[in-house]
Amino acid sequence: MAVFTSVTLEDLAPWMTQFPLGKALNIRGIASGIENSNFFIDTEQGEYVLTIFENLNFEQLPFYLKLMRHLADRGVLVPAPIANADGELCVALHGKPAAIVSKLNGSSQMEPQPVHCAEVGTMLARMHLAGRDFTIHQANLRSLDWWQITVPKVLEFLSAENRQLMQDEIAFQSAFALTPTYKALATGPVHADLFRNNVMFDGEKLTGFFDFYFAGCDTWLFDVAVTINDWCIDLASGELDMARVQAMLNAYHAVRPFTVEESQAWQAMLRAAAFRFWLSRVYDFYQPRDAEMLTPHDPTHFERILRLRISQPVPALPQA
Ligand SMILES: Nc1ncnc2c1ncn2[C@@H]1O[C@H](COP(=O)(O)OP(=O)(O)O)[C@@H](O)[C@H]1O
Ligand SMILES: N[C@@H](CCOP(=O)(O)O)C(=O)O
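Quantities reported herein were computed from a predicted structural model and do not represent experimental measurements.

The subject of this paragraph is the overall build of the chain. On a plain count of helices and strands, the chain comes out with 10 helices and nine strands. Whereas a compact globule of 320 residues would reach a radius of gyration of roughly 20 Å, the chain reaches 20 Å, a difference of no more than 12%. Dimensions of the chain along its principal axes, counting C-alpha atoms only, are 60 × 45 × 35 Å. Relative to its 320 residues, the chain shows a buried fraction of 53%. Accessible area of the chain: about 14100 Å², with a carbon and sulfur share of 53%. Charged side chains of the chain number 24 positive and 36 negative; the gap between the two group centres comes to 3 Å.

Structure below.
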């Protein structure tokens, strides 16, 4: 259950008067989700999502909410945060930061076909381009610096074989980040967690990306790699599905062409994207937060994917 802070219509009605959305008519909790308390709300203006942030604070939230607003204003399909009468996107409710965003239609597509992957590739490229003039900088908080701090904390929990894999990969990625090829990669705001459960579809039509709370500034190629490693694989084996890979990469490339340096970095970046989620899943598994709130994801899934991306050739990026 993902309503950690409960809100009634009586609580909501006076709070809502600061937003230009008319009267609140109905509120219902959203059961899925693991981080925050989420609600669908109906107002005189339409349907919205209210989120009460359980972990992020008032200093951290402007980056995420302003990025979503910036992207929405440029036609990227993401929930648009609604400002109150003072222009604020984040306002206290029951003493915690809260925001109202537009509701996306549809549901997550958990068994994607090439047509869905092409939609995601197109919107991802549009999102990267639209983020170029976003002026707030926040690093991806789950990138190399975090990996280097976190690896020593989890090594003791791993088998000798996996310890070796983790040490080899952090050494490889640390060295790769110093190369001219890596330094030539385009960067900007990225979603960094664009898994199947963070995108809405209405049939074959994408209606939006959401859950931006791992977003940060990083290489665009890392974002592509994270997305490919979830959307374009056989979930049981972790093997890439070529039809879905080609559909996503070609659609992305048609909007924002890949560069020569990105082609050179592609396999390393697929490894980085697998490594990032292997590490965070191992960390969450052995150092869980409030246990009753969180069923840790299976770390072996991304260990398997990492081994495959190291040992097998990866499909080339399209070239101009
Ligand atoms: N803007 C939105 N429009 C429609 N549904 C949404 C929106 N934001 C969240 N949801 C719904 O709420 C659920 C939980 O949201 P999520 O961001 O995954 O929560 P958490 O941050 O707690 O993990 C999603 O699976 C989705 O069904
Ligand atoms: N996608 C990550 C974990 C983040 O969870 P989310 O539900 O907020 O996307 C993983 O699979 O490890």
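Turning our eyes to something else, we now look at the sheet that holds strand E2 (residues 37-43). Across a sheet, paired strands are connected by hydrogen bonds in the backbone, their directions being either parallel or antiparallel. As summarised here, the arrangement of the five strands in space is E1-E2-E3-E5-E4, forming an open sheet in which the pairing is antiparallel. Edge strands, defined here as strands with exactly one partner in the open sheet, are strand E1 (24-29) and strand E4 (91-93). Looking at each pair of strands side by side, their axes are set apart by 35 degrees on average, direction ignored. Pairing of strand E3 (residues 46-52) with strand E5 (residues 96-102) involves five bridges; the strand directions are antiparallel.

Take the site of ligand 2 next. Residues in contact with ligand 2, as listed here, are Asp193, Phe195, Asn197, Asn198, Asp211, Phe214, Phe277, Arg281 and His297. The separation between an oxygen atom of ligand 2 and a polar side-chain atom of Asp211 is 3.0 Å. Within the side chain of Arg281, an N or O atom sits 2.7 Å from an oxygen atom of ligand 2. Surface burial for ligand 2 is 86%, taken as the share of its 340 Å² of free accessible area covered by protein chains. In the shell around ligand 2, the residues fall into three nonpolar, three polar and three charged.

In this section: the environment of Val190. Its location among the elements puts Val190 in strand E6 (residues 187-190). A sequence separation of 34 residues divides Val190 from Glu156, and the C-alpha atoms of the two residues are 32 Å apart. With near-sequence residues (within four places) excluded, Val190 lies in contact with Met127, His128, Ala215, Gly216, Asp218, Thr219, Trp220 and Asp223.

Inspection of the entire model under this criterion finds 16 aromatic pairs. With 5.8 Å between their ring centres and 65 degrees between their planes, Phe63 and Phe134 make a pair best called edge-to-face. With a gap of 71 residues between them, Phe63 in helix H2 (residues 61-73) and Phe134 in the loop between helix H3 (114-130) and helix H4 (144-154) connect regions that are remote in the sequence. Exposure remark for Phe63: the relative accessible area of 4% places this residue in the buried category. Residue Phe134 is classed as buried on the basis of its relative accessible area of 12%. Site record: aromatic cluster; members linked through ring pairs are Phe53, Phe63, Tyr64, Phe134 and Tyr213. For Arg142, the ring lying beneath its charged end belongs to Trp146, and the centroid distance is 4.3 Å.

Bringing helix H8 (residues 242-255) into the picture now. Over its 14 residues, H8 extends 20 Å from the first C-alpha to the last, a length consistent with the 20 Å expected when each residue adds 1.5 Å. Of the positions making up H8, those classed as buried are Arg244, Val245, Ala247, Met248, Leu249, Ala251, Tyr252 and His253. The backbone nitrogen of Ala243 has a side-chain oxygen 3.1 Å away, supplied by the residue at the start of H8, namely Asp241.

When its domains are assigned, the chain resolves into domain 1 (9-102) and domain 2 (114-311). The C-alpha centroid of domain 2 is placed 27 Å from the C-alpha centroid of domain 1. With 22 residues of domain 1 at the interface, the matching set in domain 2 holds 25 residues. Across the interface of domain 1 and domain 2, roughly 2000 Å² is buried in total on both sides, 70% from carbon and sulfur atoms.

We now examine unusual backbone geometry. Phi is positive for His94, close to 50 degrees, though the residue is something other than glycine. Following the sequence through the fold, His94 ends up in the loop between E4 and E5. Residue classification places His94 among the partly exposed residues on the basis of a relative accessible area of 42%. The phi torsion at Ala192 lies on the positive side, around 75 degrees, for a residue other than glycine.

The rules behind the values
Residues numbered from 1 in each chain as written. Chains lettered and ligands numbered in written order. Predicted model: local features only at pLDDT ≥ 70, side-chain atom pairs only at ≥ 80, totals over all residues. Heavy atoms only, no water. Helix = DSSP H or I, 4+ residues; strand = E, 2+ residues; numbered from the N terminus. Rg over C-alpha atoms; globule rule 2.2 N^0.38 Å. Buried < 20%, exposed > 50% of the residue type's maximum accessible area, 1.4 Å probe, protein only. Areas by Shrake-Rupley, 256 points an atom, 1.4 Å probe, with all protein chains shown as cover. Lys, Arg positive; Asp, Glu negative; His and termini not counted. Charge placed at Lys NZ, Arg CZ, Asp CG, Glu CD. Pairing = 2+ DSSP bridges. Axes fitted to C-alpha atoms, helices over the stretch in contact; angles between N-to-C directions. Near = heavy atom within 4 Å. Polar contact = N/O pair within 3.5 Å; in protein donor to acceptor, adjacent residues only side chain to side chain. Nonpolar A, V, L, I, M, F, W, Y, C, P; charged D, E, K, R; others polar. Contact = heavy atoms within 4.5 Å. Phe/Tyr/Trp six-rings, centres within 6.5 Å; stacked < 30°, edge-to-face > 60°. Lys NZ or Arg CZ within 6 Å of the ring centre and 35° of its normal. Expected span 1.5 Å × (residues − 1). Domains from an automatic or database assignment. Buried area = accessible area lost by both parts, 1.4 Å probe.

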